[in-house]
Amino acid sequence: MTTQTSLPPYLPFSRPSIDEDTITAVGEVLRSGWITSGPKVQAFEKMLSEYFGGRPVRTFNSGTCTMEIALRVAGIGPGDEVITTPISWVATANVILEVGATPVFADIDPVTRNLDLAQVEKAITPRTKAIIPVYLAGLPVDMDQLYALAAKYQLRVVEDAAQAIGSSWGGRRIGSFGDLVSFSFQANKNITTGEGGCLVLNNAEEALLAEKYRLQGVTRSGIDGLDVDVLGGKFNMTDMMAVIGLHQFTKLDAVTAHRRALAKHYFAQFGADFEAQTGVQLPPQNFEQTNWHLFQLVLPERFPRAVFMEKMLEHNIGVGYHYPAIHLLSLYRARGFKEGMFPVAEKVGRSIVSLPMFYAMKMEDVERTVAAVKSVLQ
């Protein structure tokens, strides 16, 4: 008679950490009677502004509308082109369509998996008005090169820093410099408000315009004055979301430090010969600039991603993939994009996987994950 060995508990690729103090604080907001945008939103925006060096910050109900509003603030619309990466969540390109502009893709760097800025320059035309770089897994592009390119061609930059809260460049926090910078606080981000996001702006005029776009274009004056002079939407953050963000934000430095420690342990467990032995590409070993939002592998072409993910589930370990190439999705194929246009992005989009990485993970979770990866690949 044989005894069946039980598997260890399921290890997801991501899990938010919400403590009891935060849960209590949400209850207090509910009891206060002020559950939409109110004093907690104002406090959260103030905290974020201080973190980003005093720049104006406005919060929203998603990290998607932040980019759409950034494009609108920048005056981007029909007839304009915006260059971005094919390797991102589809929202990055969708917002370009939302404002009536034309998305233009450039291929990615095979090492960083971010936009190849040399390819961006080749894609610039007289209609190009903006660039949306994406900081995949929290790793920034070369910010010096990015802004030199933007200055050379007089382009606006909308940084899709959805994954990059806590990342930096040259010792400066992402968001504390640059043009328009968008962050996400969606559930799997390093800090969360459940959903939500924020936009870092350049001045009070832009911040006021963002407020209008956030809430139906409304401007209030006096006790009963109301006017609308732009077409806005319904994108405001609630106080329930903001109070979660206030509590999460106090842990940001600890979250970033722990994720970096987990990433270092991943590299140590994989070992120096892992890439040569398996054909798997590990991420760049960057412990200064990135917040390690994700720890991603690019599998060898011979190993289908779906098979890898299924076999990891047999070990009771969840694996994500971020992301398939946007230009090969049906909406974008219908606009004339096809295979072979961006070969590096297409290869990465077929083969990239995200291993477990979250604040509550322990070092033994990393060890278990790496052992499973090695077993699956063998």
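Residues numbered from 1 in each chain as written. Predicted model: local features only at pLDDT ≥ 70, side-chain atom pairs only at ≥ 80, totals over all residues. Heavy atoms only, no water.

**Some remarks on the overall build of the chain**
Piece 1. Along the backbone of the chain there are 14 helices and 13 strands.
Piece 2. Since a compact globule built from 378 residues should have a radius of gyration of about 21 Å, the 21 Å found for the chain is in line with a globular shape.
Piece 3. Along the first, second and third principal axes, the C-alpha atoms of the chain reach 80 × 55 × 40 Å.
Piece 4. Summarising the internal contacts of the chain: among those between residues at least 6 apart in sequence, 70% fall at separations of at least 24.
Piece 5. Side-chain charges in the chain split into 35 positive and 39 negative, and the spacing between the mean points of these groups amounts to 2 Å. (Helix = DSSP H or I, 4+ residues; strand = E, 2+ residues; numbered from the N terminus. Rg over C-alpha atoms; globule rule 2.2 N^0.38 Å. Contact = heavy atoms within 4.5 Å. Lys, Arg positive; Asp, Glu negative; His and termini not counted. Charge placed at Lys NZ, Arg CZ, Asp CG, Glu CD.)

**Observations regarding the nonpolar core**
Piece 1. Counting 41 residues, the largest nonpolar core has Phe52, Ile174 and Phe183 as its most contacted members.
Piece 2. Setting aside chain neighbours within four positions, we find Phe183 in contact with Phe52, Gly63, Thr66, Ala161, Ala162, Ala164, Ile165, Ile174, Gly175, Gly197, Cys198 and Val200.
Piece 3. Of all hydrophobic cores here, the second largest spans 31 residues; its members include Tyr266, Phe270, Trp292 and Phe308. (Core = buried A, V, L, I, M, F, W, Y, C linked by side-chain atoms within 4.5 Å. Buried < 20%, exposed > 50% of the residue type's maximum accessible area, 1.4 Å probe, protein only.)

**Details of the packing of helix H3 (residues 65-73) against helix H4 (residues 91-98)**
Piece 1. Relative orientation of the contacting elements H3 and H4 amounts to 40°, with a least axis distance of 9 Å. Judged by the inter-axis angle, H3 sits oblique to H4. H4 is crossed by H3, and the crossing has right-handed handedness. For the pair H3 and H4, the contacting residues are Met67, Glu68, Leu71 and Arg72 in the first and Ala91, Thr92, Val95, Ile96 and Glu98 in the second. (Axes fitted to C-alpha atoms, helices over the stretch in contact; angles between N-to-C directions. Parallel < 35°, antiparallel > 145°, perpendicular 65-115°, else oblique. Left-handed = near helix turned anticlockwise from the far one by under 90°.)

**Re the environment of Val366**
Piece 1. If you trace the backbone, Val366 turns up in helix H14 (residues 363-377).
Piece 2. Taking relative accessible area as the criterion, Val366 reaches 0% and is therefore assigned buried.
Piece 3. Considered as a pair, Val366 and Phe44 are 322 residues apart in the sequence and their alpha carbons are 33 Å apart.
Piece 4. In this view, Val366 contacts Leu262, His265, Tyr266, Gln269 and Met361; residues no more than four positions away in its chain are not counted.

**Describing the packing of aromatic side chains**
Piece 1. All told, the structure shown has 18 aromatic pairs when counted by the stated rule.
Piece 2. Taking the centre distance of 5.0 Å and the plane angle of 70° together, the rings of Phe105 and Phe337 count as edge-to-face. Of this pair, Phe105 sits in strand S3 (residues 102-105) while Phe337 sits in the loop between helix H12 (330-333) and helix H13 (343-351), placing them 232 residues apart in sequence. One exposure class covers both Phe105 and Phe337, and it is buried. (Phe/Tyr/Trp six-rings, centres within 6.5 Å; stacked < 30°, edge-to-face > 60°.)

**Quick word on the pattern of salt bridges**
Piece 1. The tally for this structure, following the rule as stated, stands at 13 salt bridges.
Piece 2. Here Glu206 makes a salt bridge to Arg156, at a shortest N to O gap of 3.0 Å. Of this pair, Glu206 sits in helix H7 (residues 204-214) while Arg156 sits in strand S5 (residues 156-160), and the two are 50 residues apart along the sequence.
Piece 3. Of the residues examined, Glu206 reaches a relative accessible area of 11% and is grouped as buried.
Piece 4. We note a salt bridge from Lys212 to Asp229, for which the minimum N-O separation is 3.0 Å. One end of the pair, Lys212, is in helix H7; the other, Asp229, is in the loop between strand S11 (225-228) and helix H8 (239-249), and 17 residues separate them in sequence.
Piece 5. In the salt-bridge network here, residues are joined through shared partners; they are Arg156, Asp179 and Glu206. (Salt bridge = Lys/Arg side-chain N within 4 Å of Asp/Glu carboxyl O.)

**Side note on the environment of Phe235**
Piece 1. Positionally, Phe235 belongs in the loop between S11 and H8.
Piece 2. Considered as a pair, Phe235 and Gly318 are 83 residues apart in the sequence and their alpha carbons are 32 Å apart.
Piece 3. Contacts of Phe235, omitting those with residues within four sequence positions, involve Phe60, Asn61, Cys65, Ile69, Tyr213 and Arg214.

**What to know about helix H1 (residues 20-32)**
Piece 1. End to end, H1 covers 18 Å across 13 residues, agreeing with the expected 18 Å (1.5 Å per residue, within 8%).
Piece 2. Buried residues of H1: Thr22, Ala25, Val26, Gly27 and Val29, and no others.
Piece 3. Where H1 is buried, its residues contact helix H2 (39-51) and H8.
Piece 4. Following H1 by one or two positions, Gly33 has its phi on the positive side, about 90°. (Expected span 1.5 Å × (residues − 1).)

**Quick notes on the state of the cysteines**
Piece 1. With the rule as written, the count across this model stands at zero disulfides.
Piece 2. For Cys65, which is in no disulfide, the shortest distance to another cysteine sulfur is to Cys198 and amounts to 11 Å.
Piece 3. Overall, the relative accessible area of 4% leaves Cys65 in the buried class. (Disulfide = S-S within 2.5 Å.)

**With respect to the environment of Tyr332**
Piece 1. As for its placement among the helices and strands, Tyr332 is situated in helix H12.
Piece 2. Distance from Tyr332 to Ala93, taken between C-alpha atoms, is 9.3 Å for residues 239 residues apart in sequence.
Piece 3. Those residues within four positions of Tyr332 in sequence are excluded, and the remaining contacts are Val90, Ala93, Asn94, Leu97, Pro103, Phe105, Ile326, His327 and Phe337.

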